[in-house]
Amino acid sequence: MAATATFTCTCGIQKKVSNHWILAKCSASRFELMPWDYHLALQDDIVVLCGERCATALLSRCLGEWKQADAGTILNEPYLVA
């Protein structure tokens, strides 16, 4: 008997037959959206999203993390005193 993978969006919705789902990859310096691909969706670093609203929410979170990382970098840099 073959095993079937189940995919769940970050919002909790489980993927069925519809094909408007997308994939995303967010790192410290990059945000990438990709069309649905079963084999890509199985990778650990890929986020499965049910649509535009969840993709927008993920983008917002990534931008917030980047902004916090930039603020941390600025705070840790030595200041020059004139």
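Let us look at the structure shown here.

1. Considering the packing of aromatic side chains
We describe a pair of aromatic rings using the distance from one ring centre to the other and the angle between the two ring planes. Here the structure, examined in full by the defined rule, presents two aromatic pairs. For the pair Phe-7 and Trp-36, a centre-to-centre distance of 5.0 Å together with 85° between the ring planes defines the contact as edge-to-face. Taken as a pair, Phe-7 in the segment before strand S1 (22-26) and Trp-36 in the loop between strand S2 (31-35) and helix H1 (38-41) lie far apart in primary sequence, 29 residues in all. Relative accessible area serves as the criterion here: at 10%, Phe-7 is assigned to the buried category. Taking the relative accessible area as the measure of exposure, Trp-36 reaches 25% and is therefore partly exposed. Taken together, a centroid distance of 5.6 Å and an interplanar angle of 90° make the contact between Phe-7 and Tyr-38 edge-to-face. Taken together, the residues span a long stretch of sequence, with Phe-7 in the segment before S1 and Tyr-38 in helix H1 at a distance of 31 residues. An aromatic cluster is built from Phe-7, Trp-36 and Tyr-38, whose rings are joined through pairwise contacts. Taking the ring centre of Trp-36 as reference, the NZ or CZ of Lys-15 above it sits at 4.9 Å.

Criteria and thresholds
Residues numbered from 1 in each chain as written. Predicted model: local features only at pLDDT ≥ 70, side-chain atom pairs only at ≥ 80, totals over all residues. Heavy atoms only, no water. Phe/Tyr/Trp six-rings, centres within 6.5 Å; stacked < 30°, edge-to-face > 60°. Helix = DSSP H or I, 4+ residues; strand = E, 2+ residues; numbered from the N terminus. Buried < 20%, exposed > 50% of the residue type's maximum accessible area, 1.4 Å probe, protein only. Lys NZ or Arg CZ within 6 Å of the ring centre and 35° of its normal.

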